[in-house]
Amino acid sequence: MDGTPLKARSPLTPELARLVAEHRSGGPLVSDFYVTPEVFDADLARIFHRHWVFAGYAFQVAKPGDFFTWRLGAESIIVVRDRDGEIRAFHNVCRHRGSIICKTEHGSTHRFVCPYHRWTYELDGSLVLDTRREFGVDRDTLALRPVALENAAGLLFVSLADSPPDFSAALATIRRKMKPHAIERAKIAHQVDYVVKANWKIVFENNRECYHCPPNHKEYNTAAYDVQRDLAMLDPTQQPAMDAIVARANARFRALGLDEGDAMSTMTGASWRCHRTPVMEGFVTQSLDGKPLSCLMGDIKEWDSGTLRTTVFPNFWQHTNCDYAAASRITPVGPDETHVRGYWLVDEKAVEGRDYTIDRLLPIWDITNRQDWTICEDQQQGVSSHAYLPGPFSLVRERNVAHFLNWYLGELRA
């Protein structure tokens, strides 16, 4: 076996192979990529069921027995901390007749018990029942099937492939750059589940550019320098001012013992980014007024540590500031539906009502998210029309979208 699921190893259908081969690099995808069940099935098999995908946070399983579940297409996984403190992941499928074991999204347990016939599993996945006499099979061969899991400084990534792709460079960089923010010692201050009536790729493409920001994100534009950056790319006379902003920010980051960045916030690897950028000058964090939204987070000792932007294809992005982090986990549901879970993280010692309030913490990202979902749903309606023909990408402000699609198509071909 080559380590990938059966569907991922099977050849592309002739129609999908044709669509991939006919794509014109530097422009959007044709309609079929966003609307057909066949493409959606291929996306699950070749992208989401093979690649490393963000599942949740280590602090969500803080104590032995703490667990959460996540459904991804037909697959369901359990993430749990075992009795030795190790975080593990398993397929949420009983080894007897295939029943789902955990039907709740999170909880704490001493053992996992299948509701069908009460087959019982330890937190390390081993079967408790002695099956030799009644079933003629050693219980050691009937443990829960493991799922590959990596802890990247508190961010938990899983791969459903038997032999997952190399993720070492992303892990090393994320662990190093995220360490000062101590995500392991954070907590979820608030969580919102959004149902977006659009294909998951449309949602991710929207995240990959800020060409749409000036007319759509008044609130975000006040706190992020993205619009200034894009203007500098279009107008070389603006570049010296942008370079000066970045130089001043990098000097501050160096003094704080943090990694540096550049104005472009470029991809760090082919399918991931972990890159620190400035916030607006005069601001200490990404907030509507530039003022703190909570107490300092983790091991950050001074205000204004910039924003550590972490993006991992195909389902995760997070902006980590000195006092809070805002993140999104996307889960494809159907060709024209995506579930997005929005997280707002603060330090574990932060007290609501004293250090932060939800009405101040949420607005910039909740407003921006909802604006984006409207944009995505409008685009989904448009690309579903027979009148839709892909136009050109901006060579300046949509390069990251083209990069994402090139990666996506390459994974379909692989």
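Please refer to the structure placed before this passage.
All values derive from a computational prediction rather than experimental measurement.

Draft legend 1. The arrangement of the state of the cysteines in detail. All told, the structure shown has one disulfide when counted by the stated rule. What pairs with C210 in a disulfide is C213, and their sulfur atoms sit 1.8 Å apart. With the S-S dihedral at roughly -100°, the linkage between C210 and C213 falls on the left-handed side. Under the relative-accessibility criterion, C213 is labelled buried at 3%. Counting only cysteine sulfurs, C114 is the nearest neighbor of C94, a cysteine outside any disulfide, at a range of 3.8 Å.

Draft legend 2. Structural detail: the nonpolar core. If you look at the biggest cluster of nonpolar residues, it comprises 81 residues, and the most contacted ones within it are F33, V158 and Y408. When residues in this core are grouped by element, the largest group, eight residues, is from helix α14 (residues 399–413). Formed by 25 residues, the second largest nonpolar core is a distinct cluster that contains A152, A186, M297 and L308.

Draft legend 3. Representation of the pattern of salt bridges within the structure. Applying the stated criterion across every chain yields a total of 22 salt bridges. A salt bridge links D193 to R341, with the nearest nitrogen and oxygen atoms 2.7 Å apart. You can see D193 sitting in strand β10 (residues 186–196) and its partner R341 sitting in strand β15 (residues 337–347), a full 148 residues away along the chain. According to the relative accessible area criterion, R341 is buried, its value standing at 7%.

The rules behind each value
Residues numbered from 1 in each chain as written. Predicted model: local features only at pLDDT ≥ 70, side-chain atom pairs only at ≥ 80, totals over all residues. Heavy atoms only, no water. Disulfide = S-S within 2.5 Å. Buried < 20%, exposed > 50% of the residue type's maximum accessible area, 1.4 Å probe, protein only. Core = buried A, V, L, I, M, F, W, Y, C linked by side-chain atoms within 4.5 Å. Helix = DSSP H or I, 4+ residues; strand = E, 2+ residues; numbered from the N terminus. Salt bridge = Lys/Arg side-chain N within 4 Å of Asp/Glu carboxyl O.

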